[in-house]
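# Residue-level structure breakdown
Below are the chains, spelled out letter by letter.
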Amino acid sequence: TSHFSSAGVAFLAGDDDNVYLTDLVDQALYQIILDGNILDPPTIIASGFLGPEGIALLTGGDKILLVDAGKESLEEVDIATGEVKTIAVDLGFLPGIPGIEIGFGNDVKVDDGGAIYVNGDRTNVIYKFSGSSDDIPTSARVPTTLWSFQYVVTTLTFLFFLVY
């Protein structure tokens, strides 16, 4: 029996019967469990992303919100068709350490009221989008205070690996 293995697995999301994951190496969104059964091989739902990270399964289970750090965007993926629709752009994601196309990891969550939250690691904010994924006219930037600390840690880490 073979199992899905990749060094690029970033985030998981799902419900009681279905599980999805993003893969930074393949730049794709996969389904790894369908109706409680492990898919071997997994099914590619959508591909062509520039840095797929956090995902959230929307109510109803037919669409997934996906953070594409490489495009600094929030995408909506139709699970049945693989169609990708851009929901928000110009979000503050880190471009990553040179040679590594990822930052700290950006995620998306949807609360019980339908508000969508996305963290932006470059600008150290949490974006709040009100309404459904079909109607996201407003956003609020909720600043956090650790941006300078994250910048220093990232820079020192990069310099450490560059020197050694």
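Scope of this entry: the structure provided in the associated data block. (Residues numbered from 1 in each chain as written. Predicted model: local features only at pLDDT ≥ 70, side-chain atom pairs only at ≥ 80, totals over all residues. Heavy atoms only, no water.)

Only one face of strand E11 (residues 125-129) is covered, namely the one carrying Val125, Tyr127 and Phe129; the face carrying Ile126 and Lys128 has none of its residues buried. With five bridges connecting them, strand E10 (residues 116-120) and E11 associate as antiparallel partners. When the sheet's bridge partners are listed, Gly120 is paired in E11 with Val125. (Buried < 20%, exposed > 50% of the residue type's maximum accessible area, 1.4 Å probe, protein only. Helix = DSSP H or I, 4+ residues; strand = E, 2+ residues; numbered from the N terminus. Pairing = 2+ DSSP bridges.)

Turning our eyes to something else, we now look at the sheet that holds strand E6 (residues 63-68). Strand order in the open sheet formed by four strands is E5-E6-E7-E8, with antiparallel pairing between adjacent strands. Of all the strands in the sheet, just strand E5 (52-57) and strand E8 (84-88) have a single pairing partner and so form its edges. In this sheet, neighbouring strand axes are inclined to one another by 30 degrees on average, regardless of whether the strands run parallel or antiparallel. (Axes fitted to C-alpha atoms, helices over the stretch in contact; angles between N-to-C directions.)

A full pass over the atoms with the stated rule returns one aromatic pair. A centroid spacing of 6.3 Å and a plane angle of 20 degrees characterise the contact between Tyr127 and Phe129, whose relative ring orientation is stacked. Pair check on accessibility: Tyr127 and Phe129 agree, each one buried. (Phe/Tyr/Trp six-rings, centres within 6.5 Å; stacked < 30°, edge-to-face > 60°.)

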